[in-house]
Amino acid sequence: MSAVPHKPMLATVLGQRQERPPVWIMRQAGRYLPEYRETRTQAKNFLELCYTPDLAVEVTLQPLRRFDLDASILFSDILVIPDALGQSVRFETGEGPLLEPLDPSGVDRLDRSRALEHLAPVLETVRRLRAALPPEKTLIGFCGAPWTVATYMLGGRGSSDQWVARKFALQHPQAFDKLMDILVDTSIDYLEAQFKAGADVVQIFESWALNLDDTSFVRNVMDPNRRIVEGLRARIPNAPIIGFPRGAAGNILRYAEATKVNAVGIDYATPLDFVCKTLPNTLTVQGNLDPLRLVVGGEAMETQARKIIEAFSDRPHVFNLGHGIVPETPIAHVERLIEIIKRG
Ligand code: CP3
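The structure presented is a predicted model; accordingly, all values stated were derived computationally and were not measured.

Structural notes on the overall build of the protein chain
When you go through the protein chain residue by residue, the secondary structure sums to 17 helices and nine strands. A compact globule built from 344 residues would reach a C-alpha radius of gyration of about 20 Å, and the protein chain, at 19 Å, matches this within 12%. The dimensions of the protein chain, computed from C-alpha atoms along their principal axes, are 55 × 50 × 45 Å. By residue count, 58% of the 344 residues in the protein chain fall in the buried class. Counting contacts in the protein chain only where the partners sit at least 6 residues apart, residues at least 24 apart contribute 74% of the total.

See below:
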């Protein structure tokens, strides 16, 4: 009988504190790496990069060749879901994502029946990654949380206040509930398929858990995330799940209790002592260095990185940034950060 390989990142998500925190970096494959920029030129656009397993596997593995990371995150995007539902999605260089914004009748036209078929190349990428990765590395699958994905589907692009989507949710409650149902159901199918293809853990990216009053936080964020976790665990019992409700602030504990995720991603604006006081120390936390500190490096980065490790030293902790790494990040700073995490 072969022993189950020890995966420090997976073990930590499951609640086992490690001597030193395992580490991965949100958006670790991307434009700050010259080899990513090179591979990116081989696809005619960003979505094609996501849907071409040869290229997607290559860019997923690139950061692991350079850095001593404990996990690999599938290379794809949260907006493959609207694309799979038949909405027009484009990525313009320098502009970010552009979608044909949905009105209530557009919600009715979304078609879930072929979504997984459309996403088959992404699942093939997961299978190939499973085979390519050393056994001690954790493979992370992901999706966007329904509300975050809906902000792009309804607004047509990123925005700092999610005005269009927040207004739509209040003005068209039935269409909004229907959209959330479609996204919850599709996300469950998609994450289940990622686990079956070989993912060890999945992360639900709720990047826009901010700007919501109490009632809307429950309706837009907590309930859909909870339904995904419940639906997924009904099919994959004990599925290890990380929730990242960016901006949830005072709502983090409620979010963790309601959703029953195994680990909560903490954004960089959340005070460390608040996390320590609020979240039970049996709950795994992930985070939370400000990506700007990684850009600047030196003292600005090192002191805060040590503070984070110290603050979370008595609980299961996965070291990460408090949001995605940015293109201007110097590679040498990433190397130094990982050295600090691994060696002190
Ligand atoms: O390495 C990894 O982390 C895996 C790949 C990954 C991407 N996007 C690749 C990507 C993951 C996990 C995401 C998640 C994602 N995508 C989120 C949630 C996380 C977060 O940052 O809040 C969101 C909101 C999106 C939507 C999205 N995709 C935006 C707003 C943009 C444009 C902004 C940007 O960073 O360029 C994208 C494009 C995108 N997704 C790129 C990459 C590497 C850059 C596109 C390019 O190469 O031209």
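Concerning the sheet that holds strand β7 (residues 263–265)
Spatially, β1-β4-β5-β6-β7-β8-β9 is the arrangement adopted by the seven strands of the open sheet, whose pairing is parallel. Each edge of the open sheet carries a strand with a single partner, namely β1 (71–73) and β9 (317–321). Recorded for the sheet is a direction-independent mean angle of 25 degrees between the axes of neighbouring strands. Looking at chain direction, strand β5 (residues 201–206) and strand β6 (residues 241–245) are connected through five bridges and run parallel. Bridge pairing in β6 links V202 to I241. The sheet strands contacting helix α12 (residues 214–235) are β5 and β6, and the helix crosses β5 at an angle near 165 degrees.

Things to note about the side chain of N220
Inspection of the secondary structure puts N220 in helix α12. The class of N220 is buried, set by a relative accessible area of 2%. Not counting residues within four places of it along the chain, the set of residues in contact with N220 comprises W147, A169, F176, M180, E206 and L212.

Considerations on the site of the ligand
Near the ligand you find 21 residues, and of these R27, R31, Y36, S207 and H323 are the closest. At a separation of 2.9 Å, an oxygen atom of the ligand approaches a polar side-chain atom of R40. For the ligand, the protein covers 88% of the area, taking 870 Å² as the surface of the free molecule. A per-class count over the shell around the ligand returns 12 nonpolar, five polar and four charged.

Observations regarding the pairing of β6
Of all five residues making up β6, five are buried, and the element is well covered by its neighbours. Burial of β6 is two-sided: the residues I241, G243 and P245 facing one way and the residues I242 and F244 facing the other way are all buried. The β-α-β motif built from β5, the intervening α12 and the parallel element β6 has right-handed crossover chirality. Inspection of the sheet shows β6 paired to β7 by two bridges, in the parallel sense. Paired with G243 across the bridge in β7 is V264. On the question of chirality, the crossover connecting β6 to the parallel β7 by way of helix α13 (residues 252–259) is right-handed.

Remarks on helix α11 (residues 173–197)
In an α-helix there are 3.6 residues to a turn, and that puts residues three or four apart on one side. For α11, built from 25 residues, the straight-helix expectation of 36 Å at 1.5 Å per residue is met to within 8% by its first-to-last C-alpha distance of 36 Å. Residue G198 follows α11 closely and has a positive phi angle near 125 degrees.

Considerations on unusual backbone geometry
Each neighbour pair has its own omega, and for G287 with N288 the value is -10 degrees, a cis peptide bond. Relative to the helices and strands, N288 resides in strand β8 (residues 284–289). For A249, which is not glycine, the phi torsion reads 45 degrees and is therefore positive.

Observations concerning the packing of helix α16 (residues 298–311) against helix α17 (residues 331–343)
Their axes nearest at 10 Å, the elements α16 and α17 cross at an angle of 35 degrees. α16 and α17 meet at a crossing whose hand is right-handed. Residue-level contacts link M301, E302, A305, R306 and I309 of α16 to H333, R336, L337, I340 and I341 of α17.

Examining the packing of aromatic side chains
Aromatic rings in a pair are described by how distant their centres are and how their planes are angled relative to each other. Within this structure, the stated rule accounts for six aromatic pairs. Plain terms: the ring middles of W147 and F176 are 6.0 Å apart, the flat faces sit at 70 degrees to each other, and that makes the pair edge-to-face. Pair noted here: W147 is in helix α9 (residues 146–155) and F176 is in helix α11, with a separation of 29 residues, a long-range link. Pair check on accessibility: W147 and F176 agree, each one buried. One aromatic cluster is present, built from ring pairs that chain together Y36, F46, F75 and F91. Sitting above the plane of the W208 ring, R246 keeps its charged end 4.8 Å from the centroid.

Describing the packing of α11 against α12
Where α11 meets α12, the closest approach of the two axes is 9 Å, and the angle between their N-to-C directions is 35 degrees. Between α11 and α12 lies a crossing of right-handed hand. Here α11 contributes P173, F176, D177, M180, D181, V184, S187, I188, D189, L191, E192 and F195 to the contact with α12, which in turn contributes R219, N220, P224, R227, I228, G231, L232 and R235. Along the lines of polarity and charge, the residues of the contact of α11 with α12 split into 10 nonpolar, three polar and seven charged.

Thoughts on α9
Within α9, nine of the 10 residues are buried, leaving the element largely enclosed by the surrounding structure. G156, located one to two residues past α9, shows a positive phi value of around 85 degrees.

Conventions adopted
Each chain has its residues counted from 1, running along the sequence as written. Local features are withheld for residues below a pLDDT of 70 in this predicted model, meaning they are given only at 70 or higher, and side-chain atom pairs are given and counted only at 80 or more; totals for whole chains, interfaces and linings count all residues. Remark: hydrogens and water are excluded; side-chain values derive from all non-hydrogen atoms of the structure. Numbering of helices and strands runs from the N terminus; a helix is a DSSP stretch of H or I covering at least four residues, while a strand is a stretch of E covering at least two. Just to be clear, the radius of gyration here is over C-alpha atoms, and the globule rule we use is 2.2 Å times residues to the power 0.38. Here the term buried applies to any residue with accessible area under 20% of the maximum for its type, exposed to any over 50%, and partly exposed to those in between, with areas from a 1.4 Å probe on protein chains only. Here a residue-residue contact requires only that any non-hydrogen atoms of the pair lie within 4.5 Å. DSSP calls a pair of strands paired once it identifies at least 2 bridges connecting them. A fitted line through C-alpha atoms serves as each axis, taken over the contacting stretch for helices, and the angle formed by two N-to-C directions is quoted from 0 to 180°. Throughout this document, a residue counts as near a molecule or strand when at least one of its heavy atoms sits within 4 Å of that molecule or strand. Definition of a polar contact: a pair of N or O atoms within 3.5 Å, with one able to donate and the other able to accept a hydrogen when the atoms are protein atoms, and with sequence-neighbouring residues admitted only if both atoms are side-chain atoms. Per-residue and other accessible areas were derived by the Shrake-Rupley procedure at a 1.4 Å probe size, with only the shown protein chains allowed to occlude residues. Under the scheme applied here, ten amino acids are nonpolar (Ala, Val, Leu, Ile, Met, Phe, Trp, Tyr, Cys and Pro), four are charged (Asp, Glu, Lys and Arg), and all others, including Gly, are polar. Assignment of crossover handedness uses the view with strands pointing away from the viewer, where a clockwise path from the first strand over the helix to the second indicates a right-handed crossover. Here the expected span of a helix is defined as 1.5 Å times the quantity of residues minus one. Crossing handedness is defined as follows: a turn of the near helix away from the far one that is anticlockwise and smaller than a right angle gives a left-handed crossing, while the clockwise case is right-handed. Working definition: rings of Phe, Tyr and Trp (its six-membered ring) pair if their centres are within 6.5 Å, and the pair is stacked with planes under 30 degrees apart, edge-to-face with planes over 60 apart, and tilted otherwise. Any Lys NZ or Arg CZ that is within 6 Å of a ring centre and within 35 degrees of that ring's normal is treated as a charge sitting over the ring.

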